[in-house]
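Each chain, letter by letter, is given below.
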Amino acid sequence: MSAPAPTEFKAVLDPTELSKLPRDLNFHPVRNDSPKVLTKDQIEQFNREGYVAGLRVYSTTEIASLRQYFDELLAKVIAAGGDSYSISSAHLKYGRVWDIVTNAKIVACVRDLLGENVVGWGSHFFCKMPRDGKQVAWHQDSSYWPLTPSKAVTAWLAIDDADVENACMRFVSGSHHHGAMTFRPSDPKEHNVLNQTIENVEQYGHFVDDCLKAGEISLHSDLLLHGSNANMSDRRRCGLTLRYAPADVHAYMDWNQKGVWVSGSDPSGHWSNRPRPTAE
């Protein structure tokens, strides 16, 4: 069967269909006694709390250039009928986003968590416009993805400064140790950007605000509970989510066709290695 074109991938899959897949939805602790970029304390924090944050990868000048690029891209997407959340699988369409997914500084951080053979497979802009009123309800990334085992890591790149005022991402620290959690379909009244809601999350850990300066990233486990409030401020809050996994992770539903080898190789031959798109 031929691989689907990049534009055919769904950002949100049917949870009933996903539930039928044989997946290992348990946290696999990082075992790395000699990290190259992250500190041993950061490795321990990731294992214990499910995230590390405040990692600088782009200078003020570099992120200003990327912000200008995103502004122009967003204007084109909106003119074509999209919105500020609809730029998904962007590394398969836009060369500049492919460059971010493969950025050596980001990859070095991710490699310390995932090992030498790493695949970048996802990229999605989550841009909360001023006073847009939309939240991202509490959820686990793993419940949206046809991947096994649950070893994927998200690098959340702040395009704009992200803080409590403009609805930064929030974590439930340590919640990744509880495995897959029960969720319900989101009610339209919730104004959720996604479509799943996990309730009573305070029982799984304490809340942490993922405040980032533009050009910084945080890294979190695909099992970590996270979400964000509605942006009721007069400031935009844009972030680019970059998804990575070790090459030994298996992807169903042809999601292996999203892959780009960002470090090492894929001995299994399962993941594609998409070339840089010509379109910017």
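Note: the structure precedes this text.
Summarised in this report is the structure supplied together with it. (Residues numbered from 1 in each chain as written. Predicted model: local features only at pLDDT ≥ 70, side-chain atom pairs only at ≥ 80, totals over all residues. Heavy atoms only, no water.)

This part is about the overall build of the chain. When helices and strands are counted, the chain shows five helices and 14 strands. Whereas a compact globule of 280 residues would reach a radius of gyration of roughly 19 Å, the chain reaches 17 Å, a difference of no more than 12%. The principal-axis extent of the C-alpha atoms belonging to the chain is close to 45 × 45 × 40 Å. Expressed as a percentage of its 280 residues, the buried residues of the chain come to 56%. Taking the intrachain contacts of the chain between residues at least 6 apart in sequence as the baseline, contacts between residues at least 24 apart amount to 85%. Total accessible area computed for the chain in this model is approximately 12,300 Å², and 50% of it derives from carbon and sulfur atoms. Side-chain charges of the chain comprise 29 positive and 34 negative groups, with the mean position of each set lying 2 Å from the other. (Helix = DSSP H or I, 4+ residues; strand = E, 2+ residues; numbered from the N terminus. Rg over C-alpha atoms; globule rule 2.2 N^0.38 Å. Buried < 20%, exposed > 50% of the residue type's maximum accessible area, 1.4 Å probe, protein only. Contact = heavy atoms within 4.5 Å. Areas by Shrake-Rupley, 256 points an atom, 1.4 Å probe, with all protein chains shown as cover. Lys, Arg positive; Asp, Glu negative; His and termini not counted. Charge placed at Lys NZ, Arg CZ, Asp CG, Glu CD.)

With that settled, the discussion passes to the sheet that holds strand E14 (residues 260-263). Strand order in this open sheet of six strands is E1-E10-E5-E12-E2-E14, and the pairing throughout is antiparallel. Two strands close off the open sheet at either side, each with one partner strand: strand E1 (51-56) and E14. Strand after strand, the sheet turns through a mean of 30° between neighbouring axes, direction not considered. Sheet topology places strand E5 (residues 153-158) next to strand E10 (residues 216-221); five bridges connect them, and they run antiparallel. Looking across to E10, one finds that Trp 156 is bridged to Ser 218. (Pairing = 2+ DSSP bridges. Axes fitted to C-alpha atoms, helices over the stretch in contact; angles between N-to-C directions.)

Below, the discussion takes up helix H5 (residues 104-114). A large share of H5 lies buried, amounting to eight of its 11 residues. Three or more residues of H5 are buried, namely Ile 106, Val 107, Ala 108, Cys 109, Val 110, Asp 112, Leu 113 and Leu 114. Capping the start of H5 is the job of one residue whose side-chain oxygen sits 2.9 Å from the backbone nitrogen of Lys 105: Asn 103. The first or second residue beyond H5 is Gly 115, which carries a positive phi of 100°. (Polar contact = N/O pair within 3.5 Å; in protein donor to acceptor, adjacent residues only side chain to side chain.)

Below, the discussion takes up the side chain of Asp 141. Examined against the element boundaries, Asp 141 turns out to sit in the loop between strand E3 (136-139) and strand E4 (147-148). Among the polar contacts listed, one links the side chain of Asp 141 to the side chain of Thr 154, at a separation of 3.4 Å. Within the local environment of Asp 141, its side chain forms a polar contact with the side chain of His 226, the two groups lying 3.1 Å apart. Sequence-distant contacts of Asp 141, that is, excluding residues within four places in its chain, are made with Thr 154, His 220, Asp 222, His 226 and Arg 243.

What follows deals with the pairing of strand E12 (residues 237-246). Summarising burial for E12: 10 of the 10 residues are buried, a large majority. Judged by which residues are buried, E12 turns out to be covered on both faces: Arg 237, Gly 239, Thr 241, Arg 243 and Ala 245 on one side and Cys 238, Leu 240, Leu 242, Tyr 244 and Pro 246 on the other are all buried. The pairing of strand E2 (residues 118-128) with E12 spans 10 bridges and is antiparallel. Bridge pairing in E12 links Phe 125 to Leu 240. The pairing of E5 with E12 spans six bridges and is classified as antiparallel. Residue pairing in the sheet places Thr 154 in a bridge with Arg 243 of E12.

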